[in-house]
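Close look at the chain arrangement
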Amino acid sequence: MNHNDHPVRKTLVFFVAVWTGIFAFMARPHSPSGPFSDWPRWGEAAPSEAGMSPEEAQLVLDAYTRPVTDGDSLGPTTESPIVAVPDSVTTPPPPAPSITPSALTGSERAMGGYDRAAIHSFLHKNLQLAGNDEAFQTLGNFFAALNAPARKPAIHVLHYGDSQIEGDRITGHLRNAWQSLWGGGGPGFLSPVSPIPSLAMRQSWTGEWKRYARFGKHDTTIQHDRFGLMAAFAQPDSALTDSTRAAASLRFEPHPRGYRRNRSFNQLHVALGKVSEPTTLQLTLNERDTVSIALQPDSLAQNVSLPLAALDSMAFESLELQFDGGYPEINGIGMWTDSGIVVHNFAMRGSSGTVFRQLDRDQFSRQLGAIRTELVMLQYGGNTVPYIEDAERAERYGRWFTSQIRLFQSLLPGVPIIVIGPSDMARKTGTRMETYPQLLWVRDALKTAAINNNALYWDMFEVMGGEGSMAAWVQSEPPLASSDHIHFTPTGAKQIAELFRQSIQAEWTLWQNTQAEQSLVDAP
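Let me begin by describing the structure that accompanies this report.

Calculation criteria
- Residues numbered from 1 in each chain as written.
- Predicted model: local features only at pLDDT ≥ 70, side-chain atom pairs only at ≥ 80, totals over all residues.
- Heavy atoms only, no water.
- Phe/Tyr/Trp six-rings, centres within 6.5 Å; stacked < 30°, edge-to-face > 60°.
- Helix = DSSP H or I, 4+ residues; strand = E, 2+ residues; numbered from the N terminus.
- Buried < 20%, exposed > 50% of the residue type's maximum accessible area, 1.4 Å probe, protein only.
- Core = buried A, V, L, I, M, F, W, Y, C linked by side-chain atoms within 4.5 Å.
- Contact = heavy atoms within 4.5 Å.
- Pairing = 2+ DSSP bridges.
- Patch = residues over 30% accessible without salt bridge, like charges linked within 9 Å, V, L, I, M, F, W, Y side chains within 5 Å.
- Areas by Shrake-Rupley, 256 points an atom, 1.4 Å probe, with all protein chains shown as cover.
- Salt bridge = Lys/Arg side-chain N within 4 Å of Asp/Glu carboxyl O.

Once that is clear, we can look at the packing of aromatic side chains. This model, assessed by the stated rule, comprises 27 aromatic pairs. Each ring, one from F142 and one from W182, has its centre 6.5 Å from the other, and the planes form 75°; the classification is edge-to-face. One end of the pair, F142, is in helix α3 (residues 133-147); the other, W182, is in helix α4 (residues 171-182), with 40 residues separating them in the sequence. Assigned by exposure class, F142 and W182 land together as buried. Counting every residue linked through ring pairs, the aromatic cluster contains Y160, F189, W336, F346, F356, F364, Y380, Y397, F401 and F408.

Attention now goes to the nonpolar core. Core analysis: the largest hydrophobic core is formed by 52 residues, its most contacted members being W178, I418 and W458. Contacts of W178, omitting those with residues within four sequence positions, involve V157, G183, I341, V343, L375, M377, F500, R501 and I504. L229, F346, A449 and A450 belong to the second largest nonpolar core, which has 50 residues in total.

This paragraph deals with the pairing of strand β12 (residues 302-307). Consecutive residues of a regular strand have side chains that alternate between opposite faces of the sheet. Only one face of β12 is covered, namely the face carrying Q302, V304 and L306; the face carrying N303, S305 and P307 is uncovered. In the sheet, strand β9 (residues 267-272) pairs with β12 via 6 bridges, with the strands oriented antiparallel. Its bridge partner being in β12, A271 is matched across the sheet by N303.

A surface patch of nonpolar side chains, about 400 Å² in accessible area, is lined by F14, F15 and W19. Here F15 lies in helix α1 (residues 5-26). Classification of F15 by relative accessible area gives partly exposed; the value is 46%.

Structure below.
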């Protein structure tokens, strides 16, 4: 034996023993009372400062399925008093008068157009919408539209949000549930070139398409604000040759993992921006039926609506769009039925929800007016949290958001607006995952903006369980949130969507009860 091999062998044995010990330590079973309970383990994030465990998070969710009692509570609340905040935008206008909330969640008297006195007898406090009289009365307008027998033309719901709703998460479950109840089909508007695959529809394209968005990283070569109702548009790259651009096309097919109702539609709607030169839009349905539509030059916007009667008698397999001639700015491709309800997923990665006032007002108004919008949902706040340094900056963000709410109210009078606040979010501090301390400032700023401006607020942070809940959702089996401690997993997104659906369903039930009681009173 070579004596020089002995030290080498001892060194190898030493390293194997060390790594075996590390592996055994990191793979140890969880013991909350053990001496190393605060130390990290593989497959588990460090516990949050609030100390919420996955079991405690599940108890929160279970509480929403139990019969509600007067003393039902999930423990200490993190809700703060609502303080009126003056409005301001880039150039501050004169302060708007504060609208003091006349009633918040859990009011014991009639709210607006229907009686909500019984709301907490069957819906947990955390799931209840917060708002004043006028906000709930406006929500009654949405229910009145749903109560019509035909619901024709289709009722449209716009779900705007950040990356938390990308890929049709949250929206998709709501759409499927509401269409099963109120009729309708189709995924709504889709981005012509989606940056993230969506379960709503499988998309592909040929040619070198470019997508330009008003949110996130803004392309400074775009010298206009014609981004439309999706705050983005797509075109083939202008640097390409005419022959290469002519080969550019868009294709849509059913997603095998998507809801079946997404593939059930009989209307096509193409929202266009500027059309620079005469062109023809060619639509090919199921590889065989082709329709040509001439488009004339337009400096602002055109909306192409086309009934697809063939889909009333055959299944949807594919849809391809191509332009002969110049390519216009394409804002969105919409697919829905001519009746029922349509829920649109407008995901804006990196957006704080303050982009709408930066859009070309005339174009934005035209595209909103081309559909029958009866509800707007604004789900934002998460992208703002990491950059807020103090309460004053959070209040400034709230004032910016106020101006967005008022813009929608001016363009869609009488249409209810529901602000869905940020989820819990966690960051690593040492070996622990802790809720961002500034998250509550942002939550309160958005809640104030909503309530003081006759909009409704749904508190996703409290619904999850409040501080420390994100870390618990990450550790749950199956995981309800991803390891970035910001985004939900598909399972978690479906959970949130279902809880929000329950909130709206409770209000719908109360509205129906009020209508039934009024009918008895009015009966001869």
